[in-house]
Amino acid sequence: MSIQVVRLLAAAPLPMTVAVALGLLSALWLGLFCTASIRAALAMAGASAGGAMLSVCDALSRLAEARRVRHILARRGFDPRVFDAMARSRCQRDAALHAARQAGCIDKAKAHYRSRGFAWYHLLPQGTTNAPWRLLAPRFLKGSFLAFRRPRRPRP
């Protein structure tokens, strides 16, 4: 169990940090508002706990993507197209870098992302500064939470 948590933290540090922060915030809301109003306490704690659960689901999806990318890198070696496909958000880039670290091509992957203009402070997904409603688009939500779907069958 603890090894899986470490793998989850390594593949998706940002979602797991958000999940822990929201979990602590949930406990804080429960402690602060429980004496004043139980309804307010449950509402605020429930919202924070729900956000924490979404972050954990995102982290699980990133872990599945890291496994998939690691298998691709093991078969083909370093391929910039793989890293271009994983460049939409910070969480995807972290998962791709984790897979590259495991496959032994972390330096090439970091150099590739650096050459594309990504830095450590680029936290939001691409395009959300111009159109923040893209965070609610079905394509973004499907990519964020359903990346662990079953792979396609191999071609004969």
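Everything quoted here is computed from the prediction, not taken from an experiment.

Conventions used here
Residues take numbers from 1 onward in each chain, read along the sequence in its written order. Per-residue local features are limited, in this predicted model, to residues with pLDDT of at least 70; the limit for side-chain atom pairs, both in listing and counting, is 80 or more; totals at the level of whole chains, interfaces and linings are taken over all residues. Based on all heavy atoms of the structure, the side-chain values leave hydrogens and waters out of the count. Think of a salt bridge as a Lys or Arg side-chain nitrogen and an Asp or Glu carboxyl oxygen that are within 4 Å of each other. Helix and strand labels come from DSSP, where a helix needs a run of H or I of at least four residues and a strand needs a run of E of at least two; each type is numbered from the N terminus. Each residue gets one of three labels from its accessible area relative to the maximum for its type: buried under 20%, exposed over 50%, partly exposed in between, using a 1.4 Å probe on protein chains only. The convention used is that axes are lines fitted to C-alpha atoms, helices contributing only their stretch in contact, and that angles between N-to-C directions extend from 0 to 180 degrees. Orientation categories follow fixed angle ranges, with anything under 35 degrees roughly parallel, anything over 145 roughly antiparallel, 65 to 115 roughly perpendicular, and all other angles oblique. By definition, residues are in contact when any of their heavy atoms lie within 4.5 Å. Nonpolar cores are built from buried Ala, Val, Leu, Ile, Met, Phe, Trp, Tyr and Cys residues. Side-chain atoms within 4.5 Å join them into one set. Any residue that is not Ala, Val, Leu, Ile, Met, Phe, Trp, Tyr, Cys, Pro, Asp, Glu, Lys or Arg is counted as polar, Gly included; the first ten are nonpolar and the last four charged. On a scale of 0 to 100, pLDDT captures the predictor's confidence in every residue. What counts as a ring pair is set by centres within 6.5 Å for rings of Phe, Tyr and Trp (its six-membered ring), and what kind of pair is set by the plane angle: stacked under 30 degrees, edge-to-face over 60, tilted for all other angles. We call two N or O atoms a polar contact when they sit within 3.5 Å, provided that within protein one can donate a hydrogen and the other can accept it, with sequence-adjacent residues counted only if both atoms are side-chain atoms.

J.: How do you make sense of the pattern of salt bridges when you look at a structure like this?
T.: Opposite charge on two side chains lets them pair, provided their charged atoms get close. Using the criterion set out here, one finds five salt bridges in the structure. A salt bridge links Arg 62 to Glu 65; the shortest N-O distance between them is 3.0 Å. Of this pair, Arg 62 and Glu 65 both sit in helix 3 (residues 38-76), separated by three residues, roughly a single helical turn. Exposure class is identical for Arg 62 and Glu 65. Each is buried. Each member of the salt-bridge network shares a partner with another, and the members are Asp 58, Arg 62 and Glu 65.

J.: Can you walk me through the packing of helix 1 (residues 2-11) against helix 3 in this structure?
T.: The angle between the axes and the distance between the axes are what describe a pair of packed helices. At a minimum axis separation of 9 Å, helix 1 and helix 3 run at an interaxial angle of 85°. As summarised for this structure, helix 1 and helix 3 are arranged roughly perpendicular, according to the angle between their axes. Packed against helix 1, whose contacting residues are Gln 4, Arg 7, Leu 8 and Ala 11, the element helix 3 presents Ala 59, Leu 60, Arg 62, Leu 63, Ala 66 and Arg 67 at the interface.

J.: Any chance you could explain the nonpolar core here in plain terms?
T.: Note on soluble globular proteins: their nonpolar side chains tend to be buried together. Ranked by size, the top nonpolar core spans 24 residues in total, and within it Val 69, Leu 73, Phe 83, Met 86, Ala 100 and Tyr 113 carry the most contacts. When residues of this core are traced back to their parent elements, those giving at least two are helix 1, helix 3, helix 4 (80-85), helix 5 (90-103) and helix 6 (106-115). A total of six residues in this core trace back to one element, the largest contributor, which is helix 3. Among residues more than four places away in sequence, those in contact with Tyr 113 are Phe 83, Met 86, Ala 87, Arg 93, Ala 96, Leu 97 and Phe 118.

J.: Just checking my understanding: could you explain the packing of helix 1 against helix 5 for this structure?
T.: For the pair helix 1 and helix 5, the least separation of the axes is 8 Å and the interaxial angle reads 115°. Side by side, helix 1 and helix 5 meet where Arg 7, Ala 10 and Ala 11 of the first sit next to Cys 91, Asp 94, Ala 95 and His 98 of the second. Tallied by class, the residues present in the contact of helix 1 with helix 5 amount to four nonpolar, one polar and two charged.

J.: Just to check I follow, could you spell out the confidence of the model for the protein chain for this structure?
T.: Where the model shows low pLDDT, its predicted coordinates should not be examined in detail. When pLDDT is averaged across the protein chain, the result is 80; 79% of the residues are at 70 or more. Predicted confidence in the protein chain is weakest over helix 7 (residues 138-145), with a mean pLDDT of 69, and strongest over helix 6, with 92.

J.: What's the story with the packing of aromatic side chains in this structure? I'm lost.
T.: Given two aromatic rings, one states the distance between the centres and the angle between the planes to describe the pair. Overall, the coordinates contain three aromatic pairs when judged by the stated rule. Three or more aromatic residues joined by ring pairs form one cluster here, namely Phe 78, Phe 83, Tyr 113 and Phe 118.

J.: When you look at the environment of Cys 105 in this model, what are you seeing that I'm missing?
T.: With respect to the secondary-structure elements, Cys 105 resides in the loop between helix 5 and helix 6. For Cys 105, a relative accessible area of 11% corresponds to the buried category. Note: C-alpha distance between Cys 105 and Leu 73 (32 residues apart in sequence) is 8.6 Å. What Cys 105 contacts, discounting residues up to four positions off in sequence, is Leu 73, Phe 78 and Ala 100.

J.: Whenever I open this one, the side chain of Asp 58 confuses me. Can you help?
T.: Checked against the element boundaries, Asp 58 lands in helix 3. The class of Asp 58 is buried, set by a relative accessible area of 13%. Here the side chain of Asp 58 touches Arg 62 through a polar contact of 2.4 Å, side chain to side chain.

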